[in-house]
Amino acid sequence: MSETPTWEWLEGYPALDLANTVIRRGWTELELIHTPADLDSWLNAAALPAPRPPTVDEADVAAFLNLRDPSLRLLRAAVGRESWETHDVEQLTETIASAPEIEALGTEPGTTELRPIGSPSPFTLLLSRLAREVRDVLTSQDRLAFCDAPGCGQLFFRHRPNQSWCGPACGNRARVSRHHKTP
Ligand SMILES: [Zn+2]
């Protein structure tokens, strides 16, 4: 599959946008980040907690997947779809530790601002902050859910306690798929 993804399903939350780079076509899972061009298009579309670097290369794709894979497994584990593995936790922590920051007093009265210790590259800083976003969702977000519809399989935040699907289109597709399933 070489078409450029549209990313129109991204939720506007950094941790979810990171995880939702694997989608379903029908019931089959599809990896969307293969090349620097894929990563570049995602960086333009996703909610990012730090500025994106102007260009990305193969090493950046590898570093991205090195964070995305454990993040996806942990977020899915949090909604009961995967098992919670210690090595995923360690990998997330390593990425957090790759660009530590201090909470400095901000230049405006009454504000603070995050400042990296040392001079991490922009992409290292971005991945580190994304890892912290994932940590925060895993520790303080009880609306996280998984949309188990064909053509979706996305993580999302529920707006209502009993919400099963990320949107009405997914609910309809899931009902149609069930209806047509051979017994
Ligand atoms: Zn959905």
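Just above, that's the structure.
Structure report, in brief. A quick note: this is a predicted structure, and the numbers were derived from the prediction, not measured.

## With respect to helix H2 (residues 36-45)
Alright, step 1. Buried within H2 are the following residues: Pro36, Asp38, Leu39, Ser41, Trp42 and Leu43.
Alright, step 2. In the core, the buried residues of H2 are packed alongside helix H1 (14-19), helix H3 (58-78) and helix H5 (122-140).

## Looking at the side chain of Arg24
Alright, step 1. Mapped onto the elements, Arg24 comes out in strand E1 (residues 22-25).
Alright, step 2. When its relative accessible area of 9% is taken as the criterion, Arg24 is described as buried.
Alright, step 3. Residues within four places of Arg24 in sequence aside, it is in contact with Glu29, Arg81, Phe146, Cys147, Asp148, Ala149, Pro150, Gly151, Cys152 and Gly153.

## Section: the coordination of the zinc ion
Ideal geometry at a metal centre: 109.5 degrees between donors when four sit tetrahedrally, and 90 or 180 degrees when six sit octahedrally.
Alright, step 1. Taken together, the protein ligands of the zinc ion are Cys147 (SG), Cys152 (SG), Cys166 (SG) and Cys170 (SG), with distances of 2.2 to 2.4 Å.
Alright, step 2. Every donor counted, the four donor atoms about the zinc ion form angles of 106 to 115 degrees at the centre, which fits tetrahedral coordination.
Alright, step 3. All donors to the zinc ion come from one chain, and their sequence spacing reads C-x4-C-x13-C-x3-C. Separated by 23 residues along the polypeptide, Cys147 in the loop between strand E5 (144-146) and strand E6 (155-157) and Cys170 in helix H6 (residues 168-180) bring together distant segments of the chain. Exposure class is identical for Cys147 and Cys170. Each is buried.

## With respect to the environment of Glu31
Alright, step 1. Assignment of secondary structure puts Glu31 in strand E2 (residues 28-31).
Alright, step 2. Between the C-alpha atoms of Glu31 and Pro168, which are 137 residues apart in sequence, the distance is 24 Å.
Alright, step 3. In this structure, Glu31 is in contact with Thr21, Val22, Leu65 and Arg68, ignoring residues within four places of it in sequence.
Alright, step 4. At 2.5 Å, the side chain of Glu31 forms a polar contact with the side chain of Arg68.

## A short note on the nonpolar core
Alright, step 1. Leu39, Trp42, Phe64, Phe123 and Leu155 are the most contacted members of the largest nonpolar core, which totals 36 residues.
Alright, step 2. Looking at this core, the elements that each hand over two or more residues are H1, E1, H2, H3, helix H4 (86-97), H5, E5 and E6.
Alright, step 3. Those residues within four positions of Phe64 in sequence are excluded, and the remaining contacts are Leu18, Thr21, Ile33, Leu39, Trp42, Phe123 and Leu127.
Alright, step 4. Counting seven residues, the second-largest nonpolar core is a separate cluster that includes Ala145, Cys147, Ala149 and Ala174.

## A look at the packing of aromatic side chains
Alright, step 1. Under the definition given, this model contains three aromatic pairs.
Alright, step 2. Between Trp7 and Trp9, the aromatic rings sit 5.6 Å apart at their centres with planes inclined by 50 degrees, giving tilted as the arrangement.
Alright, step 3. According to the relative accessible area criterion, Trp7 is buried, its value standing at 4%.
Alright, step 4. Here the aromatic rings of Tyr13 and Phe157 are separated by 4.7 Å at their centres, their planes lie at 70 degrees, and the arrangement is edge-to-face. In this pair, Tyr13 is assigned in the segment before H1 and Phe157 in strand E6, connecting sequence segments 144 residues apart.
Alright, step 5. The class for Tyr13 is partly exposed, based on a relative accessible area of 35%.

## Re the packing of H3 against H5
Alright, step 1. Between H3 and H5, the shortest axis-to-axis distance is 10 Å and the interhelical angle comes to 0 degrees. Considering their axes alone, H3 and H5 lie roughly parallel with respect to each other. For the pair H3 and H5, contact is made by Asp60, Ala63, Phe64, Leu67, Ser71, Leu74, Leu75 and Ala78 and by Phe123, Leu127, Leu130, Ala131, Val134, Val137 and Leu138, respectively.

Thresholds, definitions, all that
- Along each chain, the written sequence defines residue order, and numbers are assigned to residues from 1.
- Restriction of local features to residues with pLDDT of at least 70 applies here, the model being predicted, together with a cutoff of 80 or more for giving and counting side-chain atom pairs; totals for whole chains, interfaces and linings are based on all residues.
- Note: side-chain values were computed over all heavy atoms of the structure, leaving out hydrogens and water.
- A simple rule labels every residue: compare its accessible area, found with a 1.4 Å probe on the protein chains alone, to the largest value its type can have, and call it buried under 20%, exposed over 50%, or partly exposed in between.
- The way it works is that DSSP assigns letters per residue, a run of H or I at least four long becomes a helix, a run of E at least two long becomes a strand, and they are numbered from the N terminus.
- Contact criterion: two residues are considered in contact whenever any of their non-hydrogen atoms come within 4.5 Å of each other.
- Only nitrogen, oxygen and sulfur atoms qualify as donors, and only when within 2.8 Å of the metal (3.2 Å in the case of Na, K and Ca); with water excluded, sites may look incomplete.
- Labels for metal geometry use angle windows, namely 85 to 135 degrees for all angles of a four-donor tetrahedral site, and for square planar (four donors) or octahedral (six donors) sites opposite donors over 155 degrees apart plus all others within 65 to 115; sites meeting none of these are irregular.
- Polar contacts, as counted here, are pairs of nitrogen or oxygen atoms within 3.5 Å of one another; within protein the pair requires one atom able to donate a hydrogen and one able to accept it, and residues that are adjacent in sequence qualify only if both atoms are side-chain atoms.
- Only buried Ala, Val, Leu, Ile, Met, Phe, Trp, Tyr and Cys residues count toward a nonpolar core, and they belong to the same one when joined by side-chain atoms within 4.5 Å.
- Geometry of aromatic contacts follows a simple scheme: Phe, Tyr and Trp rings, the Trp one being its six-membered ring, pair when their centres are within 6.5 Å, and the pair is stacked under 30 degrees between planes, edge-to-face over 60, tilted otherwise.
- To get an axis, fit a line to the C-alpha atoms, keeping to the stretch in contact for a helix; angles then go from 0 to 180 degrees between the N-to-C directions.
- Reported orientations rely on four angle classes, namely roughly parallel under 35 degrees, roughly antiparallel over 145, roughly perpendicular from 65 to 115, and oblique for the rest.

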